[in-house]
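Descriptive structure summary
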Amino acid sequence: RLAVYAAPTRADGKSYVGYPVGTKATASVQNYSQIGNRFQNRTGVTGFSPWLRSCEVYFQLAYAASKGWNVGISQQEAYTKAVTLSLEENDIDQDAINTYLASAAVKNATVDNIFTQWWISLYKNGQEAWSVYRMAPTDTYLFKNNKIAVNSYYPDHNCPPLCYGYPDTERNLNPVNCKAESAAEVDYFWGKKMWWDTREGLK
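Residues numbered from 1 in each chain as written. Predicted model: local features only at pLDDT ≥ 70, side-chain atom pairs only at ≥ 80, totals over all residues. Heavy atoms only, no water.

Right, let's talk about the packing of helix H2 (residues 54-66) against helix H5 (residues 111-121) for a bit. Contact geometry of H2 with H5 gives a least axis separation of 10 Å together with a crossing angle of 165°. On the basis of their axis angle, the class for H2 and H5 is roughly antiparallel. In this structure, H2 crosses over H5, and the sense of that crossing is left-handed. On the side of H2, the interface is formed by Cys 55, Glu 56, Phe 59, Gln 60, Ala 62, Tyr 63 and Ser 66, while H5 contributes Val 111, Ile 114, Phe 115, Gln 117, Trp 118 and Ser 121. (Axes fitted to C-alpha atoms, helices over the stretch in contact; angles between N-to-C directions. Helix = DSSP H or I, 4+ residues; strand = E, 2+ residues; numbered from the N terminus. Parallel < 35°, antiparallel > 145°, perpendicular 65-115°, else oblique. Left-handed = near helix turned anticlockwise from the far one by under 90°. Contact = heavy atoms within 4.5 Å.)

Our focus in this paragraph is the packing of aromatic side chains. In the structure shown here, the tally under the stated rule is six aromatic pairs. Plain terms: the ring middles of Tyr 63 and Phe 115 are 4.9 Å apart, the flat faces sit at 70° to each other, and that makes the pair edge-to-face. Of this pair, Tyr 63 sits in helix H2 while Phe 115 sits in helix H5, and the two are 52 residues apart along the sequence. Residue classification places Tyr 63 among the buried positions, given a relative accessible area of 16%. A cation over a ring is seen here: Arg 134 above Trp 130, with NZ or CZ 4.0 Å from the ring centre. If you follow Arg 199 out to its NZ or CZ, it ends over the ring of Tyr 133, 5.3 Å from the centre. (Phe/Tyr/Trp six-rings, centres within 6.5 Å; stacked < 30°, edge-to-face > 60°. Buried < 20%, exposed > 50% of the residue type's maximum accessible area, 1.4 Å probe, protein only. Lys NZ or Arg CZ within 6 Å of the ring centre and 35° of its normal.)

The residue Asp 91 is not glycine, and still its phi comes out positive at about 60°. As for its placement among the helices and strands, Asp 91 is situated in the loop between helix H3 (75-89) and helix H4 (94-102). Here Lys 124, not a glycine, exhibits a phi torsion of approximately 75°, which is positive. Relative to the elements of secondary structure, Lys 124 occurs in the loop between H5 and helix H6 (126-135).

Remember that the coordinates give geometry; whether it matters functionally is a separate question.
This is the structure in structure tokens:
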């Protein structure tokens, strides 16, 4: 999906390069990939922006099955279906889909792979991708590879924001309760962990 999601850098016309989260370095546009044409039509304001895909449902079923829940489909079947649907919606041809699903890094429906592929499928749906990241166990590839950049503007943090902070209106109009509720916040912007976020060592 990479060639659909993004365009090669202008610098060499073949490399795909992302911009590290929170880095202080000044970005030279020509050295980083821009959004692919399917998602950003540079001659207008149109672009593919789905709100909910069937692949999301199957990733959820795969994760539920990994917990031992009876969801009417096996963990492997749900995962394979989810990845397939994500590839199909991005117009990837069947031969490429088969090759991708057969690759050693993708074929098994481990929890690690479920979260990684689920997150990849959510390109351009940042809110949902952020939620999936916050659900990911700390030993997964997804979690370990979404750290704050070295030399970041946010050196006191070791992960992306934990939740939305309270807006200024809430802090101004309801200061007593807001202060009590937000006491565990690392800072105003980062917020604090959600009640369901049981991961340790985050700040």
